[in-house]
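# Examination of the molecular architecture
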Amino acid sequence: MSPEPLERPKDSTLAGSNRSKSLSNLVANRLVASGLLVIMCLSVFALSAPLLTRAGWLQNPVAQSSKGLDEDGMPKSMGDGSVLGTDNLGRDVLSRVVYGTRVSLTVGIASMLTATLIGVIIGIASGYYGRALDVVLMRFTEMNMTLPAVLLAVALAGVLDNRLIHLHPAGLEWHWLDIELKRGMASLFLIIGFVSWPGMVRVIRAEVLALKEREFVIASRALGASDSRIILKHILPNILPTVIVLAAMTTAGTILMEAGLGYLGIGVPPPTPTWGSMINDGQPYFITAPHLVIVPGVAILLTVLAFNLLGQGLQEVITPRQRR
Amino acid sequence: MEVSRPPKRGDLALDRPMGLWVLGWLLPMVALFQGLVVLAVSPGGPDGMLRLAVEADPHSLDPGQVFSNEEAMLTTGSAGIVRRPDPKRPTKSPGNVPIGAGPFVVKNWVRGARIQLERNPYYILRKMPQPDRIDVMVNLDRTTQFMMFERGELDFQHYIQDPDFVRIRRRPQLSSALRVVAGSSPTFVFLNCEMPPFTNRLVRLALNYAIDKEALVRVLANRCVVARGPLQLVVRGFNQGLTAYPHDPAKARALLAQAGLTNGFESTLWTNRDDPRWIKIALFVQQSLKEYGIRLEIREVGYPTLVQLCGKRRNVPMGVFDWVSAADDPKELLDSLLNGDNILDENCVNVAFYSNPRAQQLFRDAVAEANSNRRLEIYRQIESIVVEDVSWIFLVQFNTEVLVQHWVKGFKPRGFWPPARFDSTWLEPAGRPATP
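No experiment lies behind these values; they were computed from the predicted model shown. (Residues numbered from 1 in each chain as written. Chains lettered and ligands numbered in written order. Predicted model: local features only at pLDDT ≥ 70, side-chain atom pairs only at ≥ 80, totals over all residues. Heavy atoms only, no water.)

### Some points on helix H5 (residues 142-150) of chain B
Residue and element names in this part refer to chain B. Every buried residue of H5 is listed here: Gln145, Phe146, Met148 and Phe149. Burial along H5 is one-sided: seen end-on, the buried residues are contained in an arc of 160°. One side-chain oxygen at the N-terminal end of H5 lies 3.2 Å from the backbone nitrogen of Thr143; it belongs to Asp141. Trailing H5 by a residue or two, Gly152 shows a phi angle of about 80°, which is positive. (Buried < 20%, exposed > 50% of the residue type's maximum accessible area, 1.4 Å probe, protein only. Helix = DSSP H or I, 4+ residues; strand = E, 2+ residues; numbered from the N terminus. Arc of directions from axis to C-beta. Polar contact = N/O pair within 3.5 Å; in protein donor to acceptor, adjacent residues only side chain to side chain.)

Shown next as structure tokens:
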């Protein structure tokens, strides 16, 4: 007599019938809706910036123009020939803020993905396998948490001095293995991602610790499922809501850190416009041309607020127990 | 301040608890570097400050024997804070074996906050210095400094930011406090003559024609003048016959084409990240040369790193650099920055690694020349050669600008380093608000 196939546990993933309901719940949530609206607007601006420049709506964000300065070489204020004024080199502030959105969103989201990837891998490995691995990974995480993220990021950014690191043996000409430590968007999101993961690990590990004792996981294990199958099919889908909430919250932090590093002069190198570097450049002009600081400042505020609202809203919708 | 023993020849004059000695003008220079000096009023009023109560010690160095004139001693830029000499541990390093003493000694030093200097009663120039005390506040950002100056809490300010400078110019009550010496600090982009494509004079010449220096002056808030050559306008021997390379895009393109670089080239432009003006210049040059297909990557590093990297042979192709002379003599700048005889593999000050046998011979001739006028004429010839060889992109000459309150009397701005000296300065307390 062959055994009857076991019914798939209902709570192993979000059931298909619930998906459309969850989606409508998401959109109905005011926090999610307002956060998404701002993010979508910013994304549209960021994606369409080159098109807007070509159409003549925006100017080249790095083009300096003596027409953008008054007779004393000072930036022009809002409305004086350009919507949001010009900066200390006569560049259009509106164009720079819009192009800055591209950098901030790209670095912010890529950093979030990096941090999430590291956080999920370490969290799952630590929670699922436990024992010595858990001890080692958690101590490593705690060690990382003791280091202030911004200082660590500054230190890592300091290493990017255009040195070439040869990963191949000296005698071989395998230059495809060479790595140049160079400042840029890629190195920046890796740095920010690397310093942003520790907070995630603890939450994910706690979730995994609870999940691995649940019946459907025990049942899968009893049926001979491998660890990788259990993790990919049962654990990961169930921690996904938490990961999404954490990711949304982390994005706000990574965007803020990108702006902070830009402000400190160790972000994306000039003349690429970034919000942080715009604030830094405009700081001495705060009394005479406050728009140089206020405009990128408002852009940072809106973006960070939007991601925080999204995160909060997602938390309310996806994990209502925590809300209660 | 207590004097524990009479000073002896070859030793420093005063014994002080911190064990540090101020030589020459270092601390006023540090103060200027930080941009903030408060001259304190003597309790006895301005008359009391004009006199030195203590005469120079008979054991002190006689200025008549050591220096040709007093001014020469005061203009020397070689000064430093050194440890109190230990007679039991002699050293061969002259910097560690100070002789003589400066006009001020340290009275109090709160690290990172304040330095108080007091008149050295044993200073060899009997009538100087006139201020009893100099209070130096350090680590204040420049915006705060300017606000304090406006409130009358500072007597002197150096390093004025562009927006503050424009505000000063637009307000009569502040503009009267501004003292300017035009064209005292050449700022340029050096082109490493040992690194391609700058080994080719045509490329270097093209870059000089490619940049609109008048527009750069405006970007720099009109605080400089277009450079006509390497030397400052204020220095003796400046060649008045030189003219600046005009902005001529067509000629620049033709020269690049002649050099076989019609499509431009790629290079890196190094600059000092700590000075907003240098960053502005780098961005301006980058943007200007982009129109000719020259793609520059800007690398910003701290000033000490920049100097170290630029001084290494065949290391930095081009970079923003400047110079402030300490003496009114063309030799200082020309010999340091442009004499091929001084090229070193490391720590080279001739950052363009420029050499020209004809110029080098003239440098040697100038050293041997005793007649002042003929010597200056030789330096003018050197200037002409340097301008012809274009080892730099001659950009601008920054002005020396300082803010001085109206109650500070006897102050004369200098076009050299340090830009201010307080030896002949005194205060008239009338109108000066009480020190908070």
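The rest of the description comes next.
### What to know about empty space enclosed by the protein
Residues and elements named next belong to chain A. Summed over all chains, the structure comprises 3 cavities of 30 Å³ or more. Its volume calculated, the second largest cavity comes out at about 60 Å³. Taken together, Asp87, Asn88, Arg91, Val93, Arg96, Met278, Asp281, Gly282 and Leu292 make up the lining of the second largest cavity. Looking at the lining of the second largest cavity, the elements that each hand over two or more residues are helix H3 (93-129) and helix H10 (275-282). Looking at the lining of the second largest cavity, the element that brings in the most residues is H10, giving 3 residues. Taken together, the residues that form the lining of the second largest cavity break down as 3 nonpolar, 2 polar and 4 charged. (1 Å grid on protein atoms, 1.4 Å probe; cavity = no way out; pocket = protein on both sides within 12 Å on 5 of 7 lines; lining within 4 Å. Points joined across faces, edges and corners; volume = space filled by probe spheres on them. Nonpolar A, V, L, I, M, F, W, Y, C, P; charged D, E, K, R; others polar.)

### Some points on the nonpolar core
Grouped together as the largest cluster of nonpolar side chains are 80 residues, with contacts concentrated most on Val189(B), Phe190(B), Val285(B), Leu289(B), Met318(B), Trp392(B) and Leu395(B). Considering each element in turn, this core owes the most residues, 8 residues, to helix H11 (residues 276-290) of chain B. In contact with Trp392(B), other than residues within four places in its own chain, are Phe188(B), Val189(B), Phe190(B), Leu191(B), Asn208(B), Pro230(B), Leu333(B), Leu337(B), Leu338(B) and Ala352(B). Core analysis: the second largest hydrophobic core is formed by 31 residues, Val32(A), Ala252(A), Ala259(A) and Val293(A) among them. (Core = buried A, V, L, I, M, F, W, Y, C linked by side-chain atoms within 4.5 Å. Contact = heavy atoms within 4.5 Å.)

### Re the side chain of Asp135(B)
Structurally, the position occupied by Asp135(B) is in strand S6 (residues 133-137). Reaching out from Asp135(B), the side chain makes a polar contact with the side chain of Arg133(B) at a distance of 3.3 Å.

### Here's the deal with the pattern of salt bridges
Two side chains that carry opposite charge are able to pair once their charged atoms sit near each other. Applying the stated criterion to the full structure yields 25 salt bridges over all chains. The partner of Arg313(B) in a salt bridge is Asp345(B), with the nearest N and O atoms 3.1 Å apart. Taken together, the residues Arg313(B) in the loop between helix H12 (303-310) and strand S12 (318-322) and Asp345(B) in the loop between helix H13 (330-338) and helix H14 (357-368) connect sequence positions 32 residues apart. In this structure, a network of salt bridges that share partners links the residues Asp70(A), Asp72(A), Arg169(B) and Arg170(B). (Salt bridge = Lys/Arg side-chain N within 4 Å of Asp/Glu carboxyl O.)

### Overview of the interface of chain B and chain A
In this assembly, 21 residues from chain B lie in contact with 22 residues from chain A. Each partner contributes to the roughly 2100 Å² buried at the junction of chain B and chain A, and carbon and sulfur atoms together form 53% of this total. Joining chain B to chain A, the criterion identifies 3 salt bridges. Two residues, Asp70(A) and Arg170(B), come together in a salt bridge whose shortest N-O distance is 3.0 Å. Viewed at the interface, chain A and chain B are joined by 8 residue pairs in polar contact (both at pLDDT 80 or more). Put simply, the parts of the chain that give the side of chain B that touches chain A at least two residues each are helix H6 (162-170), helix H9 (213-219), H11 and strand S11 (295-301) of chain B. Residues of the side of chain B that touches chain A, tallied by class, amount to 7 nonpolar, 4 polar and 10 charged. (Buried area = accessible area lost by both parts, 1.4 Å probe.)

### Considerations on the pairing of strand S8 (residues 178-191) of chain B
All names here are of chain B. Within S8, 11 of the 14 residues are buried, which leaves it mostly tucked inside the rest of the structure. The pairing of S8 with strand S13 (residues 392-404) spans 10 bridges and is classified as antiparallel. Each residue of the ladder has a partner; that of Ser185, found in S13, is Phe398. With 5 bridges connecting them, S8 and S12 associate as antiparallel partners. (Pairing = 2+ DSSP bridges.)

### Section: the domain arrangement of chain B
All names here are of chain B. Assigned domains within chain B: domain 1 (19-177 + 405-427) and domain 2 (182-398). Taken residue by residue, the interface counts 12 residues in domain 1 and 13 residues in domain 2. Contact between domain 1 and domain 2 buries roughly 990 Å² in total, counting both sides, with carbon and sulfur atoms accounting for 52%. Joining domain 1 to domain 2, the criterion identifies 2 salt bridges. (Domains from an automatic or database assignment.)

### Notes on a nonpolar patch on the surface
Among the surface-exposed residues, Phe286(A), Ile287(A), Ile294(A), Val298(A), Leu302(A) and Met147(B) lie close enough to one another that they form a single nonpolar patch of about 530 Å² accessible area. Of all the elements, helix H11 (residues 291-318) of chain A adds the most residues to the nonpolar patch, at 3 residues. Considering the arrangement of structural elements, one finds Val298(A) in helix H11. Taking the relative accessible area as the measure of exposure, Val298(A) reaches 38% and is therefore partly exposed. (Patch = residues over 30% accessible without salt bridge, like charges linked within 9 Å, V, L, I, M, F, W, Y side chains within 5 Å. Areas by Shrake-Rupley, 256 points an atom, 1.4 Å probe, with all protein chains shown as cover.)

### Re the pairing of strand S5 (residues 114-119) of chain B
All names here are of chain B. Sheet topology places strand S4 (residues 104-110) next to S5; 6 bridges connect them, and they run antiparallel. Bridging across to S5, Trp109 finds its partner in Ile115. Taking the residues between adjacent antiparallel strands as the criterion, S4 and S5 are bridged by 3 residues, where Gly112 takes a positive phi near 75°. Two elements, S5 and S6, share 5 bridges in a ladder whose sense is antiparallel. Residue pairing across strands places Ile115 opposite Val136, the latter belonging to S6.

### Observations regarding the packing of aromatic side chains
Residues and elements named next belong to chain B. Applying the stated rule across the entire model yields 12 aromatic pairs over all chains. When the ring of Tyr209 is compared with that of Tyr245, the centres are 5.4 Å apart and the planes differ by 80°; the resulting orientation is edge-to-face. Separated by 36 residues along the polypeptide, Tyr209 in helix H8 (residues 201-210) and Tyr245 in the loop between strand S9 (224-226) and helix H10 (249-258) bring together distant segments of the chain. On the basis of relative accessibility, which here comes to 9%, the residue Tyr209 falls in the buried class. Geometrically, the ring pair formed by Phe363 and Tyr379 is edge-to-face, given 6.4 Å between the ring centres and 65° between the ring planes. Taken together, the residues Phe363 in helix H14 and Tyr379 in helix H15 (residues 372-389) connect sequence positions 16 residues apart. The same class applies to Phe363 and to Tyr379, which are both buried. An aromatic cluster of three or more residues is present, and its members are Phe188, Phe190, Trp278, Tyr303, Phe321, Trp392 and Phe394. Arg223 extends its terminal NZ or CZ atom over the ring of Phe165, reaching a point 4.4 Å from the ring centre. Directly above the aromatic system of Phe398 lies the positively charged group of Arg277, at a separation of 3.8 Å from the ring centroid. (Phe/Tyr/Trp six-rings, centres within 6.5 Å; stacked < 30°, edge-to-face > 60°. Lys NZ or Arg CZ within 6 Å of the ring centre and 35° of its normal.)

### A look at the confidence of the model for chain B
In this model, chain B carries an average pLDDT of 77, and 74% of its residues clear a pLDDT of 70 or more. Below a pLDDT of 50 lies the segment residues 1-82 of chain B, which in the model reaches 204 contacts outside its immediate sequence neighbourhood of four places, other chains included. (pLDDT = per-residue confidence, 0-100.)

### Thoughts on the environment of Arg253(B)
Residue and element names in this part refer to chain B. As for its placement among the helices and strands, Arg253 is situated in helix H10. Spatially, the C-alpha atoms of Arg253 and Gln308 are 33 Å apart, while their sequence positions differ by 55 residues. Apart from the residues lying within four places of it in its own chain, the contact partners of Arg253 are Glu291 and Tyr292. A distance of 3.3 Å separates a polar atom in the side chain of Arg253 from the backbone oxygen of Glu291.

### Re the environment of Lys212(A)
All names here are of chain A. Note on placement: Lys212 falls in the loop between helix H7 (198-211) and helix H8 (215-222). Judged by relative accessible area, Lys212 falls into the buried class, the value being 14%. For the pair Lys212 and Ile231, spaced 19 residues apart in sequence, the C-alpha separation works out to 9.2 Å. In this structure Lys212 touches Gly127, Tyr128, Val217, Ile218, Arg221 and Ile235, once residues within four positions along its chain are discounted. Within the structure, the side chain of Lys212 is placed 3.2 Å from the backbone oxygen of Tyr128, a separation counted as a polar contact.

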